[in-house]
Amino acid sequence: MVLKVFFPSCCSSAESGILIGRWISEQNSAVILAVVHFPFIPAQVKQYLSEVQQVTKIKVSVLGSWSNSKQEKEESLSEFLEDLGTIFSHEPWIQISKERDSKFWSCSTLQKQSNSSKEEEIILVYYDQRKVMLSHLHPPLDTTPSTDHKANDASKLAAMFDTVANSKILFMTDRYDDGPIKLTHWQSDGVEASIIVELMKQASVPACMLLTFLLSLTSAICKRRMLKVWPLPFLWSKLSTCEQLGHRLQHLQVISSNKKAQNQIQLMRKANIFVSLLIDVALGILLMSWLYRKNRIGHLADTLIPVADHVAKELQDLLQWLMGAPAGLKMNRALDQVLGRFFLYHIHLWISYIHLMSPFIEMILWYVGLSACLGLTVALCILSDIIALLTFHIYCFYVYGARLYCLKIYGLSSLWRLFRGKKWNVLRQRVDSCSYDLDQLFIGTLLFTILLFLLPTTALYYLVFTLLRLLVVVVQGLIHLLVDLIDSLPLYSIILRLCRSYRLSAGVKFRVLEQKHGKPLRLLMQINPLSYGSVVQTYRLPTYSCYPKDSWTSLCKKLFFGELIYPWKHKGEKQD
């Protein structure tokens with residue numbers, strides 16, 4: 001049977017002593033965590049290990065002995081280390097020694113029952129203790145049957161990773177402590193710490209308290225009854241800015257929460273939200289500084305009115321073209337004039353509204369620009385709402401044309417069933433046979449003829465305004481895609497993958513160091529980092545928007561029958 005011994009590379013030059021770690025009987029492997037040096041009292045070592053077990057909930061014990069021949073000159077040391085196996089009851093007793101003037105190590109196991117060395121195949125695996133402790137092993141994302149073997153290997157590695165990660169209390173003892181036990185591990189020269197990190201931790205306490213107070217005050221204001229009076233809830237549900245502010249408010253509540261993260265996923269989610277919020281606000285402040293420099297707000301306000309007038313003039317020219325003979329098509333003159341004048345009147349109202357608001361546009365843009373300090377996503381949502389307000393007349397034209405076209409389509413389909421002696425059964429949701437008298441057939445034929453000859457005129461107006469509406473929806477969809485990208489992108493995880501790739505582990509790989517007959521096989525375990533695609537897929541943040549579930553076939557069907565096409569983003573729903 002193969003015995004696997006995971007040995008920390010930081011202990012390869014440690015002084016002779018005993019090996020403490022965890023024995024995993026299911027895998028016939030031993031995970032070495034540290035080396036205890038001489039002198040020590042066995043009773044104190046046992047008491048120390050029992051205290052570690054109570055804290056870590058891991059069965060840590062003395063697994064064997066370690067002999068560094070380059071540093072020891074006494075030949076009787078190896079015999080003394082073997083005798084320690086009678087004091088610390090563990091089977092098998094692992095003996096690892098570093099041979100003098102040789103790059104090979106000797107590793108053997110001792111069975112206490114027979115008191116003899118048992119030769120078996122041993123694999124000595126070196127691992128970086130610091131990287132393994134800080135790393136988080138991710139299970140394979142693919143759940144197909146072909147990955148069952150990979151999942152089994154990952155579960156075996158998880159036991160080894162969890163052993164090292166949960167033994168932080170063991171690594172808090174260094175060689176400079178005054179205690180009776182001296183250990184060698186990855187933090188033997190002192191506990192690794194950062195002054196900047198510690199200062200940030202101390203400063204975050206009052207900041208989180210202040211943020212929690214402000215959030216509670218904001219939540220109390222938002223829950224007042226006067227803010228729930230119609231139509232305020234309706235307007236807030238339709239404005240992208242209000243939805244984004246509510247989404248960011250939830251993010252702030254997650255960050256300022258006093259509840260400790262239960263696992264690695266929750267911890268990474270908090271870190272990703274914090275970095276995303278920080279970068280979002282930084283980009284918003286850069287945008288705000290650019291807008292208020294060189295009076296760009298004034299130039300933008302001066303450009304907005306001519307652009308709106310130009311768009312209105314182009315719409316008037318388009319309606320004049322439709323009221324004539326567009327592309328040489330013969331239209332119904334009376335209906336064409338009625339629809340054209342109806343839409344021209346709406347454009348006239350819109351132009352009057354724009355010119356009425358022109359003295360206040362610069363002031364409105366000035367205050368709107370200040371909202372960029374809340375984040376780039378808030379500024380983009382405000383831009384989307386401004387586009388929706390500036391193109392409200394196009395939306396009205398589209399709704400009028402779609403409703404009129406839909407009415408005629410459903411009228412023609414109903415009258416077509418009348419000719420075939422059929423009718424739609426509303427209760428059973430099916431088409432049934434029905435007998436009609438002569439008067440009903442005459443009225444049906446008359447209405448069918450009228451609707452059929454008026455359909456081309458209505459269809460042309462519907463087609464033109466549908467294309468304009470789709471153009472606006474595409475622009476708003478691109479803005480919302482950018483907002484969702486900033487909201488959902490796990491920036492902290494991506495930066496961590498770029499700078500500290502071992503922190504996000506997808507698995508391990510082994511490299512052969514030395515192999516010699518009669519000597520244990522020595523392998524070096526290296527961490528395989530998680531791919532960038534898997535990082536985004538695993539740690540992607542939830543957003544307040546979702547993509548429509550309609551396929552292209554369903555979309556074309558809705559366009560053909562005149563059903564309203566709403567924006568590509570449906571607000572008020574969350575996506576994980």
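Residues numbered from 1 in each chain as written. Predicted model: local features only at pLDDT ≥ 70, side-chain atom pairs only at ≥ 80, totals over all residues. Heavy atoms only, no water.

Colleague: Looking at this model, I keep getting lost on the overall build of the protein. Mind explaining?
Modeller: A count of helices and strands for the protein gives 16 helices and 14 strands. Counting the 576 residues in the protein, one finds 40% classified as buried. For the protein, long-range pairs separated by at least 24 residues make up 73% of all intrachain contacts whose partners lie at least 6 apart in sequence. (Helix = DSSP H or I, 4+ residues; strand = E, 2+ residues; numbered from the N terminus. Buried < 20%, exposed > 50% of the residue type's maximum accessible area, 1.4 Å probe, protein only. Contact = heavy atoms within 4.5 Å.)

Colleague: Any chance you could explain the UniProt feature "transmembrane region" (unreviewed entry) in the protein here in plain terms?
Modeller: The sites that UniProt annotates as "transmembrane region" (unreviewed entry) are residues 203-222, 273-292, 338-357, 364-391, 397-419, 440-464 and 470-495. Strand forms 0% of residues 397-419 and helix 100%; the C-alpha atoms that close the span are 33 Å apart. (UniProt positions renumbered as here; feature names shortened; annotations may be inferred.)

Colleague: I keep staring at a nonpolar patch on the surface and nothing clicks. Help me out?
Modeller: Side chains of F360, M363, I364, W366, Y367 and L370 sit close together on the surface and give an oily, nonpolar patch of about 600 Å² of accessible area. As for its position among the elements, M363 is in helix α10 (residues 333-370). (Patch = residues over 30% accessible without salt bridge, like charges linked within 9 Å, V, L, I, M, F, W, Y side chains within 5 Å. Areas by Shrake-Rupley, 256 points an atom, 1.4 Å probe, with all protein chains shown as cover. Salt bridge = Lys/Arg side-chain N within 4 Å of Asp/Glu carboxyl O.)

Colleague: Sorry if this is basic, but what is going on with unusual backbone geometry here?
Modeller: Negative phi is the rule for most residues except glycine; trans is the rule for most peptide bonds. Residues other than glycine seldom take positive phi values, yet K57 does so here, at roughly 60 degrees. Along the chain, the position of K57 falls in the loop between α1 (42-56) and β4 (60-68). Note on K57: relative accessible area 70%, which makes it exposed.

Colleague: Before we go on, may I ask you to explain the packing of helix α7 (residues 240-255) against helix α8 (residues 264-291) in this structure?
Modeller: Any two packed helices are characterised by how steeply their axes cross, that is the angle between the axes, and by the distance between the axes. In the contact formed by α7 and α8, the axes pass within 10 Å of each other and the chain directions differ by 130 degrees. Taken together, α7 and α8 sit at an angle that is classed as oblique. At the point where α7 passes α8, the crossing takes the left-handed sense. Only R269, K270, I273, F274, S276, L277 and D280 of α8 make contact with α7, whose side of the interface consists of R248, H251, L252, V254 and I255. Here the contact of α7 with α8 is composed, by residue class, of six nonpolar, two polar and four charged. (Axes fitted to C-alpha atoms, helices over the stretch in contact; angles between N-to-C directions. Parallel < 35°, antiparallel > 145°, perpendicular 65-115°, else oblique. Left-handed = near helix turned anticlockwise from the far one by under 90°. Nonpolar A, V, L, I, M, F, W, Y, C, P; charged D, E, K, R; others polar.)

Colleague: It is not clear to me how the pattern of salt bridges should be interpreted in this structure. Could you clarify?
Modeller: Pairing is possible between side chains of opposite charge, provided their charged atoms come close. Overall, the coordinates contain four salt bridges when judged by the stated rule. For D487, the salt bridge goes to R248, with nearest N and O atoms at 2.9 Å. Of this pair, D487 sits in helix α13 (residues 438-488) while R248 sits in helix α7, and the two are 239 residues apart along the sequence. For D487, a relative accessible area of 0% corresponds to the buried category. Overall, the relative accessible area of 6% leaves R248 in the buried class.

Colleague: Any chance you could explain the packing of aromatic side chains here in plain terms?
Modeller: Describing an aromatic ring pair means giving the distance of the ring centres and the angle of the ring planes. Tallying each qualifying case throughout the model produces 17 aromatic pairs. Between F343 and Y461, the ring centres sit 5.9 Å apart and the planes meet at 35 degrees, which makes this aromatic pair tilted. Placement of the pair is F343 in helix α10 and Y461 in helix α13, with a sequence separation of 118 residues. Each ring, one from F343 and one from F465, has its centre 4.8 Å from the other, and the planes form 65 degrees; the classification is edge-to-face. (Phe/Tyr/Trp six-rings, centres within 6.5 Å; stacked < 30°, edge-to-face > 60°.)

Colleague: Could you clarify how one ought to interpret the confidence of the model for the protein in this entry?
Modeller: Note: predicted coordinates in regions of low pLDDT should not be interpreted at a detailed level. With 82% of its residues at a pLDDT of 70 or more, the protein shows a mean pLDDT of 80. Put simply, strand β7 (residues 116-118) is where the protein has its lowest mean pLDDT, 49, and helix α14 (residues 491-499) is where it has its highest, 91. Low confidence marks residues 568-576, where pLDDT is under 50. Its contacts with residues over four positions away, or in another chain, come to 39 contacts. (pLDDT = per-residue confidence, 0-100.)

Colleague: Mind showing me how you'd approach the environment of A261 here?
Modeller: By secondary structure assignment, the location of A261 is in the loop between α7 and α8. We classify A261 as partly exposed; its relative accessible area is 23%. Those residues in contact with A261 that lie beyond four places of it in its chain are Q266 and L267.

Colleague: Can you help me understand the side chain of T466 in this one?
Modeller: Take T466: it is sitting in helix α13. Residues contacting T466, with those up to four places away along its chain left out, are Y398 and L559.

Colleague: Mind showing me how you'd approach the side chain of H37 here?
Modeller: Looking at the secondary structure, you find H37 in strand β3 (residues 29-37). There is a polar contact of 3.4 Å between the side chain of H37 and the backbone oxygen of E15. In this structure H37 touches A14, E15, S16, K182, L183 and T184, once residues within four positions along its chain are discounted. (Polar contact = N/O pair within 3.5 Å; in protein donor to acceptor, adjacent residues only side chain to side chain.)

Colleague: Could you clarify how one ought to interpret the pairing of strand β2 (residues 17-24) in this entry?
Modeller: For a regular strand, side chains alternate in direction, first toward one face of the sheet and then toward the other. β2 sits mainly inside the fold: seven of its eight residues count as buried. Here β2 hands over to β3 after four residues, with N28 in that stretch at a positive phi of 50 degrees. Pairing of β2 with β4, which is carried by six bridges, proceeds in the antiparallel orientation. Within β4, the residue paired with L19 across the bridge is G64. (Pairing = 2+ DSSP bridges.)

Colleague: Quick question: what am I supposed to make of the packing of helix α12 (residues 392-419) against α13 here?
Modeller: At their nearest, the axes of α12 and α13 sit 7 Å apart, and the two run at 150 degrees to each other. Compared by their axis directions, α12 and α13 come out roughly antiparallel. As for the relative orientation of α12 and α13, their crossing is left-handed in sense. For the contact of α12 with α13, a count of residues per class yields 24 nonpolar, seven polar and two charged.

Colleague: What am I meant to see in the pairing of β3 here?
Modeller: Most of β3 sits out of view: nine of its nine residues are buried. Of the strand pairs in this sheet, strand β1 (residues 3-8) and β3 are connected by three bridges, and their pairing is parallel. The partner of F6 across the bridge, within β3, is V31. Across eight bridges, β2 lies against β3 in antiparallel orientation. Note on β3: the bridge partner recorded for I18 is V36. Bridge count for β3 against strand β10 (residues 183-184) is two bridges, and the pairing is antiparallel. Across the sheet, the residue bridging to V36 is L183, located in β10.

Colleague: Can you help me understand α8 in this one?
Modeller: In an α-helix, one full turn covers 3.6 residues, which means residues spaced three or four apart are oriented alike. With 28 residues, α8 should cover 40 Å at 1.5 Å per step; its first-to-last C-alpha distance of 40 Å lies within 8% of that length. Put simply, N263 is the residue that caps the front of α8, since its side-chain oxygen is 3.3 Å from the backbone nitrogen of I265. (Expected span 1.5 Å × (residues − 1).)

Colleague: It is not clear to me how the nonpolar core should be interpreted in this structure. Could you clarify?
Modeller: Across soluble globular proteins, nonpolar side chains show a tendency to be buried alongside one another. V45, Y127, M160, V164 and L170 are the most contacted members of the largest nonpolar core, which has 41 residues in total. Elements with a contribution of two residues or more to this core: β2, β3, α1, β4, β8 (122-127), α3 (129-134), α4 (148-165) and β14 (521-529). The element that contributes the greatest number of residues to this core is α4, accounting for five residues. Leaving out residues up to four positions away in the same chain, L170 has contacts with I20, L33, A34, Y48, V52, L183 and H185. Counting 20 residues, the second largest nonpolar core, distinct from the first, contains A30, I32, L63 and I96. (Core = buried A, V, L, I, M, F, W, Y, C linked by side-chain atoms within 4.5 Å.)

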